[in-house]
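Listed below are the residues making up each chain.
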Amino acid sequence: MKTIVIGYDGSDAAERALGRAAEIAQVFSARLVVVSVSGLASVPATSAFEPTAELVPPAVAGPVAAGGTVPLPQPVSVQEPEEHARRQLERARRSLASRKVETEYLVELGDPAERLLEVADQRDADLIVVGSRERGFLERLLGRSVDEAVARRSERDVLLVH
């Protein structure tokens, strides 16, 4: 075993998975690739703009600004989700500080399961480690979790840490 990819989101389940992945990496002298994936959920699918009060039609919002123009909405920063993922990786780095493990930290944007599988393919990982937790009724009803999606779609070994 040479490379282990772990999905990390800062949750308790991810912390347990990180600890287990680090133990395995130490035993096998494997490289650990810690991946924090942040979706672009804060950016609307149809627009790169955040709705504000300035978007209300002038007839409802009051008089039009001087010159007859309506101010444009401010674009949502794509750096927000990326910065969130970086903060999560900083937490992972602190958790692994005392361990003697070669570690790489990656920020990815998009669907967490897809990005983890892609990184595992790119790094030719021997193992993918993800944390697993009990999901509520509504979560089960609405769709699969990241751990389920990775386990079902991966052609590589997957360790689900409870």
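Right, let's walk through the structure included here. (Residues numbered from 1 in each chain as written. Predicted model: local features only at pLDDT ≥ 70, side-chain atom pairs only at ≥ 80, totals over all residues. Heavy atoms only, no water.)

1. Some words on the nonpolar core
- The biggest cluster of nonpolar side chains holds 20 residues, and the ones touching the most others in it are I4, I6, L18, L32, V34 and V129.
- In terms of residues, this core owes the most to one element, helix α1 (residues 12–28), which gives seven residues.
- Not counting chain neighbours up to four residues away, the residues in contact with I4 comprise A21, I24, A25, A30, R31, L32, V33, L127 and V129.
- By size, the runner-up hydrophobic cluster in this structure holds 15 residues, among which are V119, A120, A125 and V130. (Core = buried A, V, L, I, M, F, W, Y, C linked by side-chain atoms within 4.5 Å. Buried < 20%, exposed > 50% of the residue type's maximum accessible area, 1.4 Å probe, protein only. Helix = DSSP H or I, 4+ residues; strand = E, 2+ residues; numbered from the N terminus. Contact = heavy atoms within 4.5 Å.)

2. Remarks on α1
- For α1, with 17 residues, the first-to-last C-alpha span of 25 Å sits near the 24 Å given by 1.5 Å per residue.
- Taken residue by residue, α1 has A13, A14, A17, L18, G19, A21, A22, I24 and A25 as its buried positions.
- Downstream of α1 by a residue or two, S29 has a phi angle that is positive, lying close to 55°. (Expected span 1.5 Å × (residues − 1).)

3. A short note on the environment of Q26
- Here Q26 shows up in helix α1.
- Remark: the alpha-carbon pair of Q26 and R99, spanning 73 residues in sequence, is separated by 8.1 Å.
- Each residue touching Q26, except ones within four places of it in the same chain, is listed here: R99, K100 and V101.

4. Notes on the pairing of strand β2 (residues 31–38)
- Extensive coverage of β2 is indicated by the burial of seven of its eight residues.
- Pairing of β2 with strand β3 (residues 103–109) involves seven bridges; the strand directions are parallel. In the sheet register, V37 faces β3, and the bridge partner there is E108. (Pairing = 2+ DSSP bridges.)

5. Some details on the packing of aromatic side chains
- Scanning the model with the defined rule gives zero aromatic pairs in all.
- Looking at R93, its charged tip hangs above the ring of Y105, at a distance of 4.1 Å from the centre. (Phe/Tyr/Trp six-rings, centres within 6.5 Å; stacked < 30°, edge-to-face > 60°. Lys NZ or Arg CZ within 6 Å of the ring centre and 35° of its normal.)

6. Quick look at the sheet that holds strand β1 (residues 3–7)
- Spatially, five strands are ordered β3-β2-β1-β4-β5 in an open sheet, and the strand pairing comes out parallel. For this open sheet the edge positions go to β3 and β5 (157–161), each flanked by a neighbour on one side alone. Adjacent strand axes in the sheet meet at a mean angle of 25°, parallel and antiparallel pairs treated alike.
- Where strand β4 (residues 127–131) meets β5, five bridges bridge the pair, whose relative direction is parallel. Residue pairing across strands places V130 opposite L160, the latter belonging to β5.
- Taken strand by strand, α1 contacts β1, β2, β4 and β5, and its axis lies near 175° from that of β1. (Axes fitted to C-alpha atoms, helices over the stretch in contact; angles between N-to-C directions.)

7. A word on unusual backbone geometry
- With phi around 55°, S29 is a residue other than glycine that occupies positive phi space.
- Inspection of the secondary structure assignment puts S29 in the loop between α1 and β2.
- At D124, a position not held by glycine, the phi torsion is positive, near 50°.
- Looking at the secondary structure, you find D124 in the loop between α4 (112–122) and β4.
- What makes D124 exposed here is its relative accessible area of 53%.

8. So, the pattern of salt bridges
- Enumeration over the complete set of coordinates arrives at nine salt bridges.
- R91 is the salt-bridge partner of E15, the closest N and O atoms lying 3.5 Å from each other. Of the two residues, E15 is situated in helix α1 and R91 in helix α3 (residues 79–95); the sequence distance between them amounts to 76 residues.
- Across the pair R156 and D124 runs a salt bridge, and its minimum N-O distance is 3.4 Å. Taken together, the residues span a long stretch of sequence, with R156 in the loop between α6 (146–153) and β5 and D124 in the loop between α4 and β4 at a distance of 32 residues.
- On the basis of relative accessible area, R156 is assigned to the partly exposed category, the value being 22%.
- Overlapping salt bridges bring together R31, E104 and R123 as one network. (Salt bridge = Lys/Arg side-chain N within 4 Å of Asp/Glu carboxyl O.)

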